[in-house]
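# Report on the structure
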Amino acid sequence: MARRKSQKRRNKKYQVNNRQLKAKRPYKDTIFRMLYHDKENLLSLYNAVNGRNYTNVEDLQIVTLENAIYMGMKNDLAFIMDMNLYLYEHQSTYNPNIPLRNLFYIADEYQRLVVRKSLYSTVIQKIPTPRFIVFYNGTKKVDDYNEFRLSSAYENPTDDPDLELRVTMLNVNDGHNLELMEHCRTLKEYAKYVARVRKYVTQNIPLEEAVTRAVDECIEEGILAEFLVKNKAEVIKVSIYEYDKEFEEKKLRKAEYEAGIELGERSLLKKQIKKKLKKGKSIGQIADELEEEVTTIQRIIEEIKKEN
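Residues numbered from 1 in each chain as written. Predicted model: local features only at pLDDT ≥ 70, side-chain atom pairs only at ≥ 80, totals over all residues. Heavy atoms only, no water.

### Observations regarding the nonpolar core
Where we set the bar: As used in this record, nonpolar core signifies buried Ala, Val, Leu, Ile, Met, Phe, Trp, Tyr and Cys residues forming a set joined through side-chain atoms within 4.5 Å. We call a residue buried when its accessible area falls under 20% of the maximum for its residue type, exposed when it is over 50%, and partly exposed in between, using a 1.4 Å probe and counting protein chains only. Starting at the N terminus, helices and strands are each numbered in turn, a helix being any DSSP run of H or I of at least four residues and a strand any DSSP run of E of at least two.
Of all hydrophobic cores here, the largest spans 48 residues; its most connected members are Tyr-36, Tyr-88, Leu-187 and Tyr-193. Looking at which element gives the most residues to this core, the answer is helix 6 (residues 185-202), with eight residues. In this structure, Ile-80, Ile-98, Ile-106 and Tyr-136 belong to the second largest nonpolar core, which totals 19 residues.

If you want it as structure tokens, here you go:
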């Protein structure tokens, strides 16, 4: 009891400056975010990840910046527990840039937490210790546990960087991180719901029908039943948005990959043409030897001339 009161007092010092953090959400929600906006669910997830057994949701202080968006990026959940500041994020797209994103976010968070304190004081200003977790349920095959480091993005790598930020990524697809899933019922059932939607979509069932069918079946089978019954219409709407977004991102990645190949092939072709021009070959000869249209060779030669 004494420890709990002490913890509440320690956490309370951050509450005053967090009152202004609530705002209307200017972006689409996700099922993960909706599910863990419930403090009991979030406490259960925290306990499972950290091997704890807290039961009082008041021990957990939500500090998520609802309107903190940098270049369209946001953090899903932020909260203080045991004087640690946890940043939880859900991702369905594999993204190694998450440490840099979290750097922007944590800087903003800390600035708000110490806004009424002097950083020029001779007394050190204490801040909660940050912990960064990503819950990944995309289709790319990854290990159950992964770690990303900010230093991996440095142009000049160093073994002892002055600035480091580590993010732990947990694979929460159905069938992964089984021990974690067994300790957090909502996470386990969330994974089953996502897997159900994907299964029906891959069977070429129209997206809205696939989502509705998955929701109805999960309710019947007791999978996230209370949450789905309470939020059925919004869950269907958000699930359709999430899957469309995931599909569009996959198409974008494919287009970027193909564009990269095309750019590489054109660069190689340009080098070959330059070599043949130096040998005095005519446009017709170059086109014949490289098996390209004469007009294509002419356009690239014009580009070469403009570069020189």
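After that view, the rundown keeps rolling.
### Quick word on the pattern of salt bridges
As a reminder of what qualifies: Every case where a carboxyl oxygen of Asp or Glu lies within 4 Å of a side-chain nitrogen of Lys or Arg is listed as a salt bridge.
As enumerated under the stated definition, the model contains 16 salt bridges in all. Between Asp-216 and Lys-232 there is a salt bridge, with its nearest N and O atoms 2.7 Å apart. Linking Asp-216 in helix 7 (residues 207-221) with Lys-232 in helix 9 (residues 232-278), this pair joins segments that are 16 residues apart in sequence. A single network of salt bridges, built from pairs that share partners, joins Arg-196, Arg-213, Glu-217 and Glu-221.

### A look at the environment of Asn-102
Its location among the elements puts Asn-102 in helix 4 (residues 98-113). Spatially, the C-alpha atom of Asn-102 lies 8.2 Å from that of Leu-87, the residues being 15 residues apart in sequence.

### Points about the pairing of strand 2 (residues 77-81)
In plain terms, the rule: Strand pairing follows a simple DSSP-based rule, namely that at least 2 bridges must link the two strands.
Judged by how many residues are buried, strand 2 sits mostly within the fold: five of five residues are covered. Residues Leu-77, Phe-79 and Met-81 line one face of strand 2 and the alternating positions Ala-78 and Ile-80 line the opposite face, and both faces are buried. Sheet analysis places strand 2 next to strand 3 (residues 84-91), joined by five bridges and oriented antiparallel. Directly across from Phe-79, in strand 3, lies its bridge partner Tyr-86. The loop that links strand 2 with its antiparallel partner strand 3 comprises two residues; one of these, Asp-82, has a positive phi angle of about 55°.

### Some thoughts on the sheet that holds strand 2
Put simply, the test is: The contact rule is simple, with two residues in contact once any of their heavy atoms fall within 4.5 Å. Here an axis means a line fitted to C-alpha atoms, over the contact stretch when the element is a helix, while the angle between two N-to-C directions is reported on a 0 to 180 degree scale.
A sheet is described by the order of its strands in space; here six strands give the open sequence 1-2-3-4-6-5, paired in mixed fashion. The open sheet is flanked by strand 1 (61-62) and strand 5 (145-149), the only strands paired with a single partner. Packing of helix 3 (residues 39-50) onto the sheet brings it into contact with strand 1, strand 2, strand 3, strand 4 (129-136) and strand 6 (166-171), and relative to strand 3 it is tilted by some 100°. Running over the sheet, helix 4 touches strand 2, strand 3, strand 4, strand 5 and strand 6 and is turned about 140° from strand 3.

### Observations concerning the environment of Ser-152
Here Ser-152 is to be found in the loop between strand 5 and strand 6. Spatially, the C-alpha atoms of Ser-152 and Pro-96 are 9.1 Å apart, while their sequence positions differ by 56 residues.

### A short note on the packing of aromatic side chains
In plain terms, the rule: Note on ring pairs: Phe, Tyr and Trp rings are taken, using the six-membered ring of Trp, and paired if centres are within 6.5 Å. Classes follow the plane angle, with under 30 degrees stacked, over 60 edge-to-face and the rest tilted. We call a charge positioned over a ring when the NZ of a Lys or the CZ of an Arg lies within 6 Å of the ring centre and within 35 degrees of the ring normal.
Overall, the coordinates contain 12 aromatic pairs when judged by the stated rule. Aromatic pair Phe-32 and Tyr-36: ring centres 4.9 Å apart, planes at 55°, arrangement tilted. Of this pair, Phe-32 and Tyr-36 both sit in helix 2 (residues 31-36), four residues apart, which is roughly one turn of that helix. Assessed through its relative accessible area of 0%, Phe-32 is described here as buried. Each ring, one from Tyr-46 and one from Tyr-86, has its centre 5.2 Å from the other, and the planes form 80°; the classification is edge-to-face. On the criterion of sequence distance, the pair formed by Tyr-46 in helix 3 and Tyr-86 in strand 3 is long-range, its members being 40 residues apart. Both residues of the pair, Tyr-46 and Tyr-86, belong to the buried class. Above the plane of the ring of Tyr-200 lies Arg-213, whose end atom (NZ or CZ) is 4.2 Å from the centre.

### Thoughts on the side chain of Asn-137
Going by this rule: Here a polar contact is recorded for every N or O atom pair within 3.5 Å, except that within protein the pair must consist of a potential hydrogen donor and a potential acceptor, and residues adjacent in sequence are included only if both atoms are side-chain atoms.
Structurally, the position occupied by Asn-137 is in the loop between strand 4 and strand 5. Among the polar contacts made by the side chain of Asn-137, one reaches the side chain of Tyr-190 at a distance of 3.4 Å. Ignoring any residue separated from it by four or fewer positions in sequence, one finds Asn-137 in contact with His-90, Gln-91, Ser-92, Val-172, Asn-173, Tyr-190, Val-194 and Arg-198.

### Description of the side chain of Arg-196
Tracing the sequence through the fold places Arg-196 in helix 6. Here Arg-196 falls in the buried class, since its relative accessible area comes to 15%. Setting aside chain neighbours within four positions, we find Arg-196 in contact with Ala-214, Glu-217, Glu-221 and Ile-223.

### Description of the packing of helix 6 against helix 7
Convention followed: Between 65 and 115 degrees an angle is taken as roughly perpendicular, under 35 as roughly parallel, over 145 as roughly antiparallel, and anywhere else as oblique. Note: crossing handedness is left-handed where the near helix turns anticlockwise from the far helix by less than a right angle, and right-handed where it turns clockwise. Under the scheme applied here, ten amino acids are nonpolar (Ala, Val, Leu, Ile, Met, Phe, Trp, Tyr, Cys and Pro), four are charged (Asp, Glu, Lys and Arg), and all others, including Gly, are polar.
Where helix 6 contacts helix 7, the axes come no closer than 9 Å and their chain directions differ by 140°. Taken as axis vectors, helix 6 and helix 7 run oblique relative to one another. Classified by chirality, the crossing of helix 7 by helix 6 is right-handed. Residues Tyr-193, Arg-196, Val-197, Tyr-200 and Val-201 of helix 6 form the contact with helix 7, whose own contacting residues are Leu-207, Ala-210, Val-211, Arg-213, Ala-214, Val-215, Glu-217, Cys-218 and Glu-221. Here the residues of the contact of helix 6 with helix 7 sort into 10 nonpolar, no polar and four charged.

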